[in-house]
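Coordinate inspection notes
Next come the chains, spelled out residue by residue.
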Amino acid sequence: MKKGCLIPLIAAGVLLLGILSMGGCVAGKYNGFVTQEENVDKAWANVETVLQRRYDLIPNLVNTVKGFADHEKELLTEVTRLRSQWGEAKAAGNTEQSVKTAGMLESALGRLMVVVERYPDIKSNQNFLALQEELAGTENRISVERRRYNEAVAAYNVSIRRFPGNMMAGMFGFDKKEAFEAAPEAATAPVVEF
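Predicted model only: the values in this text are computed from it and were never measured.

Enumeration over the complete set of coordinates arrives at six aromatic pairs. Seen from their ring centres, Y30 and F172 are 4.9 Å apart, and the 70° between their planes marks the pair as edge-to-face. Of the two residues, Y30 sits in helix 1 (residues 3-68) while F172 sits in helix 6 (residues 165-172), which places them 142 residues apart along the sequence. Following the ring pairs from residue to residue traces out a cluster consisting of Y30, F33, F172 and F174. Over the face of the ring belonging to Y156 we find K177, whose NZ or CZ atom lies 5.8 Å from the ring centre.

Shown next as structure tokens:
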């Protein structure tokens, strides 16, 4: 073989090796994005599971409080309305609305617990005590799952924004995910009056 024929052959081999390497990098990044996006979806499903648990407990809690605090109807109506809105958002698959409604529901439940403090008879009722304990455990679970969801969202968002992943993410349609944030009124602690 002549030297003149060997150089283009080597160049073609190097080019082919470069293309295969680059294709492997793109595939690796793409698969990483898919994995992280699935982790975000799984984390959101876990949040929805504990929000559903809260959703299922609310009617029992509201009915128990209704028996003792009939004149607190406005707050009980709001809790019931927000529960329905959350159910509708979940059924529609609207994550953004679910997050917003869950935050508002959390705030309303906090105000409901303040109302309960005004009625000693409620606090001594065994059914209420059991429901309150279930709700407190559920709120803790929600907090843990929201934190895990936000961690998954942060990891995903960082990976699609870093170079060179940002170019590939844009090319393949991987968009930024929204974290679960508390409702603005959650920054103000409820006032307990006796």
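The next point concerns helix 2 (residues 73-92). Over its 20 residues, helix 2 extends 28 Å from the first C-alpha to the last, a length consistent with the 28 Å expected when each residue adds 1.5 Å. All of the buried residues in helix 2 are L75, L76, V79, L82, R83, W86 and A89. Looking down the long axis of helix 2, one finds its buried residues gathered within 150° of arc, a one-sided arrangement. Every exposed residue of helix 2 that faces more than 90 degrees away from the buried side is listed here: K73, E74, T77, E88, A91 and A92. Positive phi shows up at G93, right after helix 2, with a value of about 75°.

Time to look at the layout of surface pockets. Approximately 300 Å³ is the volume attributed to the largest pocket. What lines the largest pocket is simply V40, D41, W44, T95, E96, V99, Y149, K176, K177, E178, A179 and E181. Of all the secondary structure elements, the ones that give two or more residues to the lining of the largest pocket are helix 1 and helix 3 (95-117).

Here we come to the pattern of salt bridges. Pairing of side chains with opposite charge becomes possible as their charged atoms draw close. The final tally for this structure, using the stated rule, is eight salt bridges. Within this structure, R54, E106, E139 and R146 form a network of salt bridges that share partners.

In this fold, R83 is placed in helix 2. C-alpha of R83 to C-alpha of A102: the two residues are 19 residues apart in sequence and 8.3 Å apart in space. Beyond its immediate sequence surroundings of up to four residues, R83 is in contact with Y55, I58, P59 and L105. For R83, the side chain forms a polar contact with the main-chain oxygen of Y55, separated by 2.6 Å.

Parameters at a glance
Residues numbered from 1 in each chain as written. Predicted model: local features only at pLDDT ≥ 70, side-chain atom pairs only at ≥ 80, totals over all residues. Heavy atoms only, no water. Phe/Tyr/Trp six-rings, centres within 6.5 Å; stacked < 30°, edge-to-face > 60°. Helix = DSSP H or I, 4+ residues; strand = E, 2+ residues; numbered from the N terminus. Lys NZ or Arg CZ within 6 Å of the ring centre and 35° of its normal. Expected span 1.5 Å × (residues − 1). Buried < 20%, exposed > 50% of the residue type's maximum accessible area, 1.4 Å probe, protein only. Arc of directions from axis to C-beta. 1 Å grid on protein atoms, 1.4 Å probe; cavity = no way out; pocket = protein on both sides within 12 Å on 5 of 7 lines; lining within 4 Å. Points joined across faces, edges and corners; volume = space filled by probe spheres on them. Salt bridge = Lys/Arg side-chain N within 4 Å of Asp/Glu carboxyl O. Contact = heavy atoms within 4.5 Å. Polar contact = N/O pair within 3.5 Å; in protein donor to acceptor, adjacent residues only side chain to side chain.

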